[in-house]
Amino acid sequence: MVVNRIYSAIRRTEFYVCERYDCIKPFLPETIHFVHAEELQEKYPALTPKEREDKVAKEYGAVFIIGIGGELADGQKHDGRSPDYDDWSTPTEPGRKGLNGDILVWYPVLDRAVELSSMGIRVDKEALIRQLEICGDEDRKELYFHKKLLNDELPLSIGGGIGQSRLCMILLHKAHVGEIQASIWPEEMRKECLEAGIPLI
C-alpha cells in the first residue's frame, strides 16, 4: 500500500538522521495504524476532531486517518477538504466513505499529534460531480481541470502533499518549523520561544 511505503521512507530517513547525529534518538513506531474518521467519532464522541487525533496518535505513535472531508454520522466533518481534489465521498464499506486521509505521528517534543501528509486517490468523474453537488460548487465544472476530467481526458491518479518543513522539524527534534527554515521571526515570537526554552538559531 502507498501509505505504508511512504511511512517506511520516513522511518528510513529517521534512521539515517539518528545514525548521523548521535544526540537524536528515534521515536517513530515500526508500523502505521489505519483508522477511519467515522470510527474515531464513534469511539470518542465527546472529543473534538483535533482531540481525537491527539488521542489516537498518542496510542499508536503513527496513524493514517481515512475519510477526511465529508460529514460524519454526527453531521460534522473531521476536517474540511476541497470537493475537487481528493475523493472523500465514495462508499468503501458499510458506514464508511472516502479514499483519502492524513498521516499523523505523535510528536513527544510538543506532546501532540503532527500531520505530515494529506493524501489520497484523486476524484474521478463520478466523485467530482458528487462532491461539487454536495458543496454547492457546480460552477467549477467549467474550469480547465474539471472539464478535462469530466470529458475523460485525464487518468485516475493518486497524490498527496508532504509537509517538508514539518518533516524536517520532527526528524531533527525541533519545536518550531522556524528552527529549520530561513525566516524572520517577530520579536514577540522570539520572546515567547526564549521563555519556553526553545533555542533560536
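Preceding block: the structure.
Residues numbered from 1 in each chain as written. Predicted model: local features only at pLDDT ≥ 70, side-chain atom pairs only at ≥ 80, totals over all residues. Heavy atoms only, no water.

### Here we look at a nonpolar patch on the surface
So the rule is basically this: Exposure above 30% relative accessible area and the absence of a salt bridge qualify a residue for a patch, where like charges join within 9 Å and nonpolar side chains (Val, Leu, Ile, Met, Phe, Trp, Tyr) within 5 Å. Using a 1.4 Å probe, the Shrake-Rupley method yields the accessible areas, and only the shown protein chains count as cover for residues. Salt bridges, as used here, are contacts in which a Lys or Arg side-chain nitrogen is within 4 Å of a carboxyl oxygen on Asp or Glu. By the criteria applied, helices consist of DSSP H or I runs no shorter than four residues and strands consist of E runs no shorter than two, each listed in order from the N terminus. Burial here depends on accessible area, computed with a 1.4 Å probe over protein chains only, as a share of the maximum for the residue type. Under 20% is buried, over 50% is exposed, and the range in between is partly exposed.
A cluster of nonpolar residues, Val-2, Leu-99, Ile-121, Leu-156 and Ile-158, forms a patch on the protein surface that exposes about 400 Å² of accessible area. Position of Ile-121 relative to the elements: it lies in strand E6 (residues 112-121). With a relative accessible area of 31%, Ile-121 lands in the partly exposed category.

### Notes on the environment of Glu-93
Of note, Glu-93 is situated in strand E3 (residues 91-93). The exposure class assigned to Glu-93 is exposed, which follows from its relative accessible area of 52%. Put simply, Glu-93 and Lys-148 are 55 residues apart on the chain and 29 Å apart in space, counted from C-alpha to C-alpha.

### What about helix H1 (residues 2-20)?
To keep it simple, the criterion reads: Helix span, expected: 1.5 Å multiplied by one less than the number of residues in the helix. Directions are taken from the helix axis to each C-beta atom, and the arc is the one they span. We call two residues in contact when some of their heavy atoms are within 4.5 Å.
Taking 1.5 Å as the rise per residue, H1 with 19 residues should run 27 Å; its terminal C-alpha atoms sit 27 Å apart, in good agreement. All of the buried residues in H1 are Val-3, Tyr-7, Ile-10, Glu-14, Val-17 and Cys-18. The arc enclosing the buried residues of H1, seen along the axis, measures out at 95°, which places them on a common side. When the buried face of H1 is taken as reference, the exposed residues oriented beyond 90 degrees from it are Arg-5, Arg-12, Phe-15, Glu-19 and Arg-20. Where H1 is buried, its residues contact strand E1 (33-36), strand E2 (62-66), strand E5 (100-107), E6 and helix H6 (164-171).

### Thoughts on the side chain of His-146
Following the sequence through the fold, His-146 ends up in helix H5 (residues 144-150). Judged by its relative accessible area of 5%, His-146 falls in the buried class. Contacts of His-146, omitting those with residues within four sequence positions, involve Asp-84, Leu-128, Leu-132, Arg-140 and Lys-141.

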